[in-house]
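In case you want the letters, here they are:
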Amino acid sequence: MSAVPEPILEIKSVSKFFGGLAANSDVSFTMDEGMILGLIGPNGAGKTTLFNCITGYYPPTKGEILFKGQRLNGMTPDQVCKLGMVRTWQKVRPLAKLSVLDNVVVGALVRTGSVPEAREIAREQLHVVKMAHKADFLAGGLPIGERKKLEVARVLATKPDLLLLDEVMGGLNPAESEDIIQLILDIKKRGLTQMVIEHDMKAIMRISDRIVVLNSGEKLAEGAPQEVVSNPEVVTAYLGEAHV
Ligand SMILES: Nc1ncnc2c1ncn2[C@@H]1O[C@H](COP(=O)(O)OP(=O)(O)O)[C@@H](O)[C@H]1O
Ligand SMILES: [Mg+2]
């Protein structure tokens, strides 16, 4: 009999209050290694807040988070990153006056004190996101699609086991989004685990092994993509958004 592998991430009854507002309310789920989990929900559902709680930007008001069996509560984002979990930002802000390569070097320096080694890692990651030819460009001059890929390269350079992507397709045209979908699937093939916040339902259906739906801070549903989109409560939550 083979042992059941431990989940890479366990979210246990996490709540986050801002004054009287419950941005996250008693949210629980787990992630297995190598999977892609889609995190969806209407605007203001608490998706980004949950990323912030998981990655150490906010202390959860209640509950606990275990990464590779280790309790994260009280850790800083830096400490969480060193353990192997890193997130991207919904609004990407590259270091505009640095080159594309140097932006990624900043990520790589999490793992090594050697600048030549960091450059080596950074070049590899630019290759992964298919931006090696842009290494010497100024990051500030990149169009949005390439800024998003640069952001992914920067976090990949920290050598994570678990990657959290916050609306990495937001604001992109269909061709650029397709590029990102292929990149996410490629990252999966490399063995990384990913949690992906995304508004585009077609995209999330294609890439996710499982989907968790948040609504008003609470977990509304969880399951296989087909199961979740045919859940009447989920449909209502999204229709509600369309009518706002
Ligand atoms: N730092 C904060 N202070 C106060 N309220 C916040 C803060 N961050 C988020 N919120 C509120 O928490 C709720 C969830 O926000 P958010 O997690 O950004 O949602 P989503 O990413 O699903 O759109 C919203 O009502 C938002 O206004
Ligand atoms: Mg958000």
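Report on the accompanying structure. All figures in this text were calculated on a predicted structure; none of them were measured in a lab.

Cut-offs and rules
Residues numbered from 1 in each chain as written. Chains lettered and ligands numbered in written order. Predicted model: local features only at pLDDT ≥ 70, side-chain atom pairs only at ≥ 80, totals over all residues. Heavy atoms only, no water. Near = heavy atom within 4 Å. Polar contact = N/O pair within 3.5 Å; in protein donor to acceptor, adjacent residues only side chain to side chain. Helix = DSSP H or I, 4+ residues; strand = E, 2+ residues; numbered from the N terminus. Nonpolar A, V, L, I, M, F, W, Y, C, P; charged D, E, K, R; others polar. Pairing = 2+ DSSP bridges. Axes fitted to C-alpha atoms, helices over the stretch in contact; angles between N-to-C directions. Left-handed = near helix turned anticlockwise from the far one by under 90°. Contact = heavy atoms within 4.5 Å. Buried < 20%, exposed > 50% of the residue type's maximum accessible area, 1.4 Å probe, protein only. Donors = N, O, S within 2.8 Å, 3.2 Å for Na, K, Ca; no water. Patch = residues over 30% accessible without salt bridge, like charges linked within 9 Å, V, L, I, M, F, W, Y side chains within 5 Å. Areas by Shrake-Rupley, 256 points an atom, 1.4 Å probe, with all protein chains shown as cover. Salt bridge = Lys/Arg side-chain N within 4 Å of Asp/Glu carboxyl O.

## A look at the site of ligand 1
Then step 1. Inspection of the region around ligand 1 gives F18, L21, A23, P42, N43, G44, A45, G46, K47, T48, T49 and Y58 as its neighbouring residues.
Then step 2. Residue K47 places a side-chain N or O atom 2.8 Å away from an oxygen atom belonging to ligand 1.
Then step 3. Sort the elements by how many residues they give to the shell around ligand 1 and helix 1 (residues 47-54) lands first, with 3 residues.
Then step 4. Classifying every residue of the shell around ligand 1 by side-chain character gives 6 nonpolar, 5 polar and 1 charged.

## Considering the sheet that holds strand 8 (residues 193-197)
Then step 1. Strand order in this open sheet of 6 strands is 6-7-8-3-9-10, and the pairing throughout is mixed. For this open sheet the edge positions go to strand 6 (85-87) and strand 10 (218-223), each flanked by a neighbour on one side alone. Adjacent strand axes in the sheet meet at a mean angle of 15°, parallel and antiparallel pairs treated alike.
Then step 2. The pairing of strand 3 (residues 36-40) with strand 8 spans 4 bridges and is parallel.

## Structural notes on the pairing of strand 2 (residues 21-31)
Then step 1. Across 7 bridges, the pairing between strand 1 (residues 9-18) and strand 2 is antiparallel. Bridging from a neighbouring strand, K16 pairs with N24 of strand 2.
Then step 2. The hairpin turn running from strand 1 into strand 2, its antiparallel successor, is 2 residues long, and G19 in that turn takes a positive phi close to 60°.

## Describing the packing of helix 3 (residues 100-108) against helix 5 (residues 144-156)
To describe two helices that pack against each other, one gives the angle between their axes and the distance between the axes.
Then step 1. Across the interface, helix 3 lies against helix 5 with an axial gap of 7 Å and an inter-helix angle of 35°. Read as a crossing pair, helix 3 and helix 5 show a hand that is right-handed. Of helix 5, the residues touching helix 3 (which contributes V100, N103, V104 and G107) are L150, A153 and R154.

## Let's talk about unusual backbone geometry
Then step 1. At S13, a residue that is not glycine, the phi angle is positive and equals roughly 45°.
Then step 2. With respect to the element layout, S13 can be found in strand 1.
Then step 3. Residue S13 is classed as partly exposed on the basis of its relative accessible area of 35%.
Then step 4. Even without being a glycine, E167 presents a positive backbone phi close to 45°.
Then step 5. Using a relative accessible area of 11% as the deciding quantity, one classes E167 as buried.

## Focus: the coordination of the magnesium ion (ligand 2)
Then step 1. Here the magnesium ion (ligand 2) is held by the protein donor atoms T48 (OG1) and Q90 (OE1), which lie 2.1 to 2.5 Å from it. Taken together, the residues T48 in helix 1 and Q90 in the loop between strand 6 and helix 3 connect sequence positions 42 residues apart.

## Focus: the sheet that holds strand 4 (residues 62-67)
Then step 1. Ordered in space as 2-1-4-5, the 4 strands form an open sheet in which the pairing is antiparallel. At either margin of the open sheet sits one strand with a lone partner, and together these are strand 2 and strand 5 (70-71).
Then step 2. In this fold helix 1 packs onto strand 1, strand 2 and strand 4, with an angle of close to 115° to the strand it touches most, strand 1.

## Here's the deal with the side chain of E151
Then step 1. In this structure, E151 sits in helix 5.
Then step 2. Taking relative accessible area as the criterion, E151 reaches 8% and is therefore assigned buried.

## Considerations on a nonpolar patch on the surface
Then step 1. The grouping of L95, L98 and V106 at the surface amounts to a nonpolar patch, some 220 Å² of accessible area in total.
Then step 2. In this structure, L98 sits in the loop between strand 6 and helix 3.

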